[in-house]
Amino acid sequence: MMKKHILLVLLTVFAIQVMGLDATRKLPEDLGFVEMEDFTPSGPGWYVRDHFKGYPGTPSGNKFLSGYRKGDDTATGTIEIPKAGKYYLWIRYIDLFRHRKNMGFKLKISADGKQIAEKEFDLKSVRTGPDKKWGRKWNNFARLVWVDWPVELPAGKLTVTVAKSSPLPKNGHALLLDCLAFTQDSKYQPEVSDFQKPIYVKIKMLNPGKRPVGIHIRGRCPHAIFGSTGPYNLTKSGLHKGTNTGLDDKNISTLLKAGDETPWVNISPLLTMTGDNKIRFYAMEHFRRPLPRAVDFTIYFSADKSMKGLYKQFTRRGPGAGINCMINLKEPDKISDDASNSRKSLEYAQAVPEMPGKQPKIYPFITFMSLDPLIEQRETVDNELRVMRMLGINSLDCSPSLAAMPEFGKLEFIKFVDHHYTFGRTKPKGCLAAPDKQRLSVALKKYCGELIKEKVVEKNLFIKVQDEPGFRLVDMPKWKACREGFKVYLKKLKLTPEQLDIKSWKDVKLELDKTGNPYLYYYTLRYRNQIMADFFKLVTEYVKDCDRNLSTMANFATALTFNMIRRGDDWFLIFGSGALTYGWTEDWLNQTFCYQLCGYQMDVMRTACSIRNYPYGIYDILSYPRTRWDIVCKGFTEIGHGAQAIDFYYYGPHYTSGSGASSQHPYIYKAIKELCYATGAVEKYIVPGKNPRGDAAMLLSVTSDIWNWNIEPRHYGNIFGTERAFLYLLLRHLGCRLDILSEEMITGGKLNDYKMLFITGSHLDKSLVQPLTAWVKAGGVLYLGAGAAQFDQFNQPLGLDSALGVKRGKFTAKEFPGRPAYELSSREMIHTVNFGKYKIPAICGFESLPESGKIIAKTAKGLPAAAMFECGSGKVISCGFFPALGYMQEAVKIKKQAPKTPESLYSCTEYPAGPRSFMSRILELSNCHPALTTNDYLVEANLIRDKETAIIVLSNWSGKPRNVEIKLRGFPKFKKCTSVINPVKITKNSDGEMICTMTLSGPGDYLVCE
């Protein structure tokens, strides 16, 4: 079998040479090639592994030879050398930049049992030097690389043996070998595209419009978030690389008129070897001139530069200028165009059964529609618009030209959103402290002018001005604008050199090290947040200058879950200052094992946006590993927490050039329709409704996040922020609805609306001591987590304990929690906390408590683990361990041991009872009685009030049907209670309490209590 494979490979290489793989790239005539997965292992230590996501690129044959299993086994193959001499043997393998313990492999070449040469590879990363050939080291921890080996070889068949340098590599990305190439050409640098089968393309122009045109080619490669194809231009003179190359006035004679044809050109080297390449072919006269309105042409795909080898052909006619094609090099006979793919989408939508509820008409359900009517075929656009409306989508993330189409209004689409990113317009590039105001102003006025010209301003929900914004702290000192702006910022705060512990203003510097000057460090982090807010505020002002009705949005990444200001995004500052006018984030939440935290995100956003009464919403991510249940359950939770718009990120369509599209998956159609239609039945209450005050409050201390910022691994090192997120989850499992408060809200008196406050942050602004003390002594209950509220904004003792008359011992942090899906589950137990019949693990850190006050729990060794202290008319509850970290750790362990099925939720669906019992006791001691509860901790209940109506939003996080009892307290007797999806039975309806039961068959439901 090996001999046959080598022969076929050599014949294929020869055939590629004869046909000419690429006119601009010449391959050596003696080039040979073998796949490493065709080597024969001597034992289980080597095996064939399929391609997987997690690194840039793909292996040439979609498989690897892997040596990850334990053992000293080898694997052997053969190569055929045409003549003796010096050869350059190239091997392609995965290179790891970190985690390099027990790496390395050896190649041995022999003939007739006698070894000729040997070389060891991968003992260190080839990306450690200044060579940028393989990309950014910090961004790609693992990637495919080519490494050469000059070696003298005799003619004939030679045996190649691969052996391990260590019997057991410690990382699953280690010892992943792709292929070998060899030649005597010393100048040859291999590219994986050199070994792909050619696919030839030819365009025949039927009607170019008013002027001759070229065909612009641009697209996206599979398996890469930012991987793009192109740009290229195809004319009568062939394929030209570049945005406008071949389309300038010098080449006008080579542009296509009616009846003209391009030559056959091989596009295979432009494409990724594995997966669907999404390539758009569209006509243009010049890149910077308007596209022709209606172009007719035929595109041919062939194996051999002739119609005899034809795979597929597609003709586009009518409005638009282009056609989208999906091309898989492994299956060229299945090349498809956008029209045929849109018909498949329509079939999926039509197959979705009827859903309870009705089409929403006022609540904005949005999805990305990456179709441009100026380019795409009209049938494609029409089919996809029909799909959207069948599913209940009533708003689109699309171009203004699509929103201006008559079909947009006829199909009852109500809103559209679009993006115009702004961070690139700075001088110097990347420095947000130095916006290029001229470029920003001109660009935004031009863009907003298009909205005005198309008469779609009223349809626009918001303009997204940046995606996942971030400003790297480490870059700030190199920019003059940041260095000089810092001094201006400090003076505006009316600070003096003495207050900053420096001799004079000449000594001001950006302090990135928290072990350095604590005053400068604190204000440096605050200054970074201010830079971000100031930049957004400038953008918003330019937009508002064009039309006061336009809103600005930036999609904030999910760093909030553990540290809100990890990327420099202080939501309280940004929305409180009016820098942006529409709140937005995404429920990506990967590596948390808990999509239920989307409610936490929404509650923080609600706080930030409430300062100026801005609306807010969220991206409900559709992509794998999310199931239908995940998608719908997230949606119910987000709406229950006040989201005023949901954008399903993102539908696609998948055959366009966007990344992460999901329209190829039939299950998302049912998920979208299920949530949209259920919401449509109650949207008249949801849209004007508001979340009533929570049962308790939780403090999100930006000061704490500042002092726990630069901790590895990334933001997962913030032990206090991680406990904050999962304590929120733990309390939600007890039905306790939490309002998130900022430090400014505490000093502003907002705390007086609540009877209980949870604090987990290690640092607080000193100004909080007085209002916190007064609130507690007046009857409030303060929960202090382990290590909480110990230091002020300058890393000095806060003094809250002495103000409250409370004594706490020393807090010791043992290790950082890490990512829930990875490191958290392996954290060692410091103590076992005994609480009733339960044993709760204390991990990551522990705070000793004195034998005073009322002891609530002790460790197995008898140490106080939680205690309550009287303080005036109020109480202070001090917890010496992290119950929420232990809660999540145990849930993750259960999750990892549970069998996986296609319907398994990504989120944990079983949590230990001990931490819930413990925290339930805390609520009881605090006299905190949640107003809305269920008898199932995995069924979350949220409340929305609209005048005389209460909407109970249920989210079923179990992944299975549940029999649930719901209790609502604090309302007068209801006239009527109905549900949207499942039958509901009212068992009690009196002044002060309503109790009902329901079999919750799916991910969620709405109860309408009038």
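Rules and cut-offs
Residues numbered from 1 in each chain as written. Predicted model: local features only at pLDDT ≥ 70, side-chain atom pairs only at ≥ 80, totals over all residues. Heavy atoms only, no water. Helix = DSSP H or I, 4+ residues; strand = E, 2+ residues; numbered from the N terminus. Rg over C-alpha atoms; globule rule 2.2 N^0.38 Å. Buried < 20%, exposed > 50% of the residue type's maximum accessible area, 1.4 Å probe, protein only. Contact = heavy atoms within 4.5 Å. Areas by Shrake-Rupley, 256 points an atom, 1.4 Å probe, with all protein chains shown as cover. Axes fitted to C-alpha atoms, helices over the stretch in contact; angles between N-to-C directions. Parallel < 35°, antiparallel > 145°, perpendicular 65-115°, else oblique. Left-handed = near helix turned anticlockwise from the far one by under 90°. Nonpolar A, V, L, I, M, F, W, Y, C, P; charged D, E, K, R; others polar. Pairing = 2+ DSSP bridges. Phe/Tyr/Trp six-rings, centres within 6.5 Å; stacked < 30°, edge-to-face > 60°. Lys NZ or Arg CZ within 6 Å of the ring centre and 35° of its normal.

Asks: Sorry if this is basic, but what is going on with the overall build of the protein here?
Replies: Scanning the protein from terminus to terminus reveals 20 helices and 48 strands. Relative to the globule expectation of 30 Å for 1010 residues, the C-alpha radius of gyration of the protein, 31 Å, shows essentially globular dimensions. If you line up the protein on its principal axes, its C-alpha atoms span 95 × 70 × 65 Å. When each of the 1010 residues of the protein is scored for burial, the buried share is 60%. Put simply, of all contacts in the protein between residues at least 6 apart along the chain, 74% involve residues at least 24 apart. When the accessible area of the protein is evaluated, it comes to approximately 40200 Å², of which 51% is carbon and sulfur surface.

Asks: Before we go on, may I ask you to explain the side chain of Ser 878 in this structure?
Replies: Tracing the sequence through the fold places Ser 878 in strand E40 (residues 874-879). The class for Ser 878 is buried, based on a relative accessible area of 0%. Setting aside its immediate chain neighbours within four residues, Ser 878 contacts Leu 784, Arg 808, Glu 847, Leu 849, Ala 865, Ala 866, Ala 867 and Phe 869.

Asks: How should I be thinking about the packing of helix H2 (residues 338-351) against helix H3 (residues 378-391) in this particular structure?
Replies: Running from amino to carboxyl end, H2 crosses H3 at an angle of 15 degrees, the nearest separation of the two axes being 8 Å. By the angle class used here, H2 and H3 are roughly parallel. Here H2 runs over H3; the crossing is left-handed. Contact residues: H2 offers Asp 338, Ala 339, Ser 342, Arg 343, Ser 345, Leu 346, Ala 349 and Gln 350, while H3 offers Glu 379, Thr 380, Asn 383, Glu 384, Arg 386, Val 387, Met 390 and Leu 391. Here the contact of H2 with H3 is composed, by residue class, of six nonpolar, five polar and five charged.

Asks: Just to check I follow, could you spell out the pairing of strand E13 (residues 214-220) for this structure?
Replies: In the case of a regular strand, side chains alternate between the two sheet surfaces. With six of seven residues buried, E13 is to be regarded as a mostly interior element. The pairing of E13 with strand E17 (residues 277-284) spans seven bridges and is classified as antiparallel. Its bridge partner being in E17, Gly 219 is matched across the sheet by Ile 279. Bridge analysis of E13 against strand E14 (residues 228-235) gives five bridges, and the strand direction is antiparallel. When the sheet's bridge partners are listed, Arg 220 is paired in E14 with Ser 228.

Asks: Any chance you could explain unusual backbone geometry here in plain terms?
Replies: Leaving glycine out, the prevailing phi sign among residues is negative, and the prevailing peptide bond configuration is trans. At the junction of Tyr 624 and Pro 625, the peptide bond is cis and its omega measures out at 15 degrees in the coordinates. Within the fold, Pro 625 resides in the loop between strand E28 (616-621) and helix H11 (628-640). The peptide bond linking Gly 652 to Pro 653 adopts the cis configuration, its omega dihedral lying at 0 degrees. Inspection of the secondary structure puts Pro 653 in the loop between strand E29 (646-652) and helix H12 (666-680). One non-glycine residue, Lys 305, lies in the positive phi region at around 60 degrees. Its location among the elements puts Lys 305 in the loop between strand E18 (296-302) and strand E19 (310-316).

Asks: How do you make sense of the sheet that holds strand E42 (residues 939-946) when you look at a structure like this?
Replies: The strands that make up a sheet pair up through hydrogen bonds in the backbone, lying either parallel or antiparallel. Taken together, four strands build an open sheet; the order of strands is E42-E43-E48-E45 and the sheet is antiparallel. In the strand order of this sheet, the two ends are held by E42 and strand E45 (977-979), each with one partner. Recorded for the sheet is a direction-independent mean angle of 20 degrees between the axes of neighbouring strands. In terms of strand pairing, E45 meets strand E48 (residues 1004-1009) through three bridges, oriented antiparallel.

Asks: Mind showing me how you'd approach the packing of aromatic side chains here?
Replies: Aromatic ring pairs are described here by two measures, namely the spacing of the ring centres and the angle between the planes. Per the counting criterion, the structure on display carries 47 aromatic pairs. Ring geometry for Phe 52 and Phe 64: centres 6.4 Å apart, planes at 55 degrees, overall tilted. Placement of the pair is Phe 52 in the loop between strand E3 (47-50) and strand E4 (63-66) and Phe 64 in strand E4, with a sequence separation of 12 residues. In this structure, Lys 202 is placed above the aromatic ring of Tyr 300, and the distance from its NZ or CZ to the ring centre is 5.5 Å.

Geometric descriptors of this kind do not, in isolation, establish any biological role.
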